[in-house]
Amino acid sequence: MSTEIEFGVGFGGTLPPSEYPALAARLEELGFDVATVFGDLMMQPPAMVLATMAEATSQIRLGVGCYTPWTLHPVEIAGQLAYLDHVSNGRAFMGIVRGAWLDQLGLDTSKSLAAVSDTVAIVRMLLSGSGVGYDGRVYSVAPGTMPFYPILRQHIPLMVGTWSPRLSEYAGAHADQVQVGGCANPAMAPVIREFITAGEQSAGRPSGSVDIVLTAVTVVDEDGDIARARARTEVALPFQVIAGLDRTLDVDPALLERMSVLLRAHEYEAAGRLIPDDLLDKFTFAGTPDEVAAHAAAVYDAGVTRIEFDSPFGLTPASGVELLGTRVLPALRNAGYRSKTSDVA
């Protein structure tokens, strides 16, 4: 068997700035194809982190995964992407999501699909240099509005992060990839594929034009029990948001309520201990290198093009990256899973 896929990692944007260059350089040495940095609420601005990584690397693709249209205007997103694309010599890609936890800012996010659509259209218009302007439902730009900075590429690949049928369908018509965040469940791949296909068909695009990406908290260690214990703590907060989004699962509302009480008290470890073992594996890649490799293989077999092993990676970021690169990726390669863009012996 030979299956062409991509190997990726995702950063939460929470590390000291000095740690990113060495980690990025090592990821490239190990043969990873993609590094993304998430722009969730109160995390470091992802384009800044990625610009630091760009200076330490030459091949790995660098993606913002993802912008939200509510906390940064599309004209600012266009400028950041253009800068990142220059310093990375054309390795940047754009991710966009509806966004989570934004109720803390008192924002009205009810027009999320329109906001995403307007943002993508404005960014593309600005990078194209056309100056035609854009009249949208949430964001508009007057004709003649042009960047004062140089543009390396007029088209930067687009990734839409979502669990939603409507946004997935939009991505099928307009994007290059759909990222399902916080998901390690192979059963979600065909569900998302169905949504994407509807969008591809509506836009007259060939079936399979849009790739599927799954990203989830990852903790790999030689001691699988310790790895899973750490993963429970790390996944507790996002689990509260995404558990109800997986259409293949029936998560007990009472469990979510018990977790919510603990999370409000910042008792993340206690909240994580409430997650049943079978559910944990749907939202994390956790365990020994062999266990994580087997889990990843099942996800790739379900039709996923790229897995982004999300931070913290291991008991420390550096140890997790080493085990992912020296144990998990080689196991996948030996099983016939080959990177579409790079490979190492």
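These figures come from a predicted structure and were not determined experimentally.

Draft legend 1. Structural detail: the pattern of salt bridges. The final tally for this structure, using the stated rule, is 14 salt bridges. Between Asp 225 and Arg 228 there is a salt bridge; the shortest N-O distance is 3.1 Å. Here Asp 225 and its partner Arg 228 are both found in helix H7 (residues 224-242), three residues apart, which amounts to about one turn of the helix. Between Arg 273 and Glu 269 there is a salt bridge whose closest N-O contact spans 3.4 Å. Remark: Glu 269 and Arg 273 occur in helix H9 (residues 268-273); sequence separation between them is four residues, near one turn of the helix.

Draft legend 2. Expanded view of the side chain of Thr 288. Relative to the helices and strands, Thr 288 resides in the loop between strand E8 (284-287) and helix H11 (289-301). Judged by its relative accessible area of 18%, Thr 288 is buried.

Draft legend 3. The arrangement of the nonpolar core in detail. One finds Phe 11, Phe 32, Met 53, Met 94, Phe 239 and Phe 309 to be the most contacted residues of the largest nonpolar core, which totals 101 residues. With seven residues, the top contributor of residues to this core is helix H4 (residues 112-128). Grouped together as the second largest cluster of nonpolar side chains are six residues, Val 34, Cys 66, Met 159 and Val 213 included.

Draft legend 4. Structural view of the packing of aromatic side chains. One pass over the full model with this rule turns up six aromatic pairs. On the basis of an interplanar angle of 70 degrees and a centroid distance of 5.9 Å, the ring pair of Phe 11 and Tyr 20 is categorised as edge-to-face. Per residue, the accessibility class of Phe 11 equals that of Tyr 20, and both read buried. Consider the rings of Phe 239 and Phe 283, whose centres lie 5.0 Å apart with planes at 80 degrees: the pair is edge-to-face. Of this pair, Phe 239 sits in helix H7 while Phe 283 is found in helix H10 (residues 277-283), placing the two residues 44 residues apart along the sequence. Since its relative accessible area comes to 0%, Phe 239 is described here as buried. Overall, Phe 283 belongs to the buried group, its relative accessible area being 1%. Taken together, the ring pairs in this structure connect Phe 7, Tyr 300 and Tyr 337 into an aromatic cluster.

Draft legend 5. Layout of helix H1 (residues 20-30). Among all positions of H1, only Tyr 20, Leu 23, Ala 24, Leu 27, Glu 28 and Leu 30 are buried. Seen along its axis, H1 keeps its buried residues to an arc of 165 degrees; they face one direction. Exposed and oriented more than 90 degrees from the buried face of H1 are Ala 22 and Glu 29. One or two positions beyond H1, positive phi appears at Gly 31, with a value near 95 degrees.

Draft legend 6. View of the packing of helix H3 (residues 74-87) against H4. Contact geometry of H3 with H4 gives a least axis separation of 9 Å together with a crossing angle of 50 degrees. What the angle tells us is that H3 and H4 run oblique. In the crossing of H3 with H4, the sense of the turn from one axis to the other is right-handed. Contact residues: H3 offers Pro 74, Val 75, Ile 77, Ala 78, Leu 81 and Ala 82, while H4 offers Thr 119, Ile 122, Val 123, Leu 126 and Leu 127. Residues belonging to the contact of H3 with H4 are distributed by class as follows: ten nonpolar, one polar and no charged.

Calculation notes
Residues numbered from 1 in each chain as written. Predicted model: local features only at pLDDT ≥ 70, side-chain atom pairs only at ≥ 80, totals over all residues. Heavy atoms only, no water. Salt bridge = Lys/Arg side-chain N within 4 Å of Asp/Glu carboxyl O. Helix = DSSP H or I, 4+ residues; strand = E, 2+ residues; numbered from the N terminus. Buried < 20%, exposed > 50% of the residue type's maximum accessible area, 1.4 Å probe, protein only. Core = buried A, V, L, I, M, F, W, Y, C linked by side-chain atoms within 4.5 Å. Phe/Tyr/Trp six-rings, centres within 6.5 Å; stacked < 30°, edge-to-face > 60°. Arc of directions from axis to C-beta. Axes fitted to C-alpha atoms, helices over the stretch in contact; angles between N-to-C directions. Parallel < 35°, antiparallel > 145°, perpendicular 65-115°, else oblique. Left-handed = near helix turned anticlockwise from the far one by under 90°. Contact = heavy atoms within 4.5 Å. Nonpolar A, V, L, I, M, F, W, Y, C, P; charged D, E, K, R; others polar.

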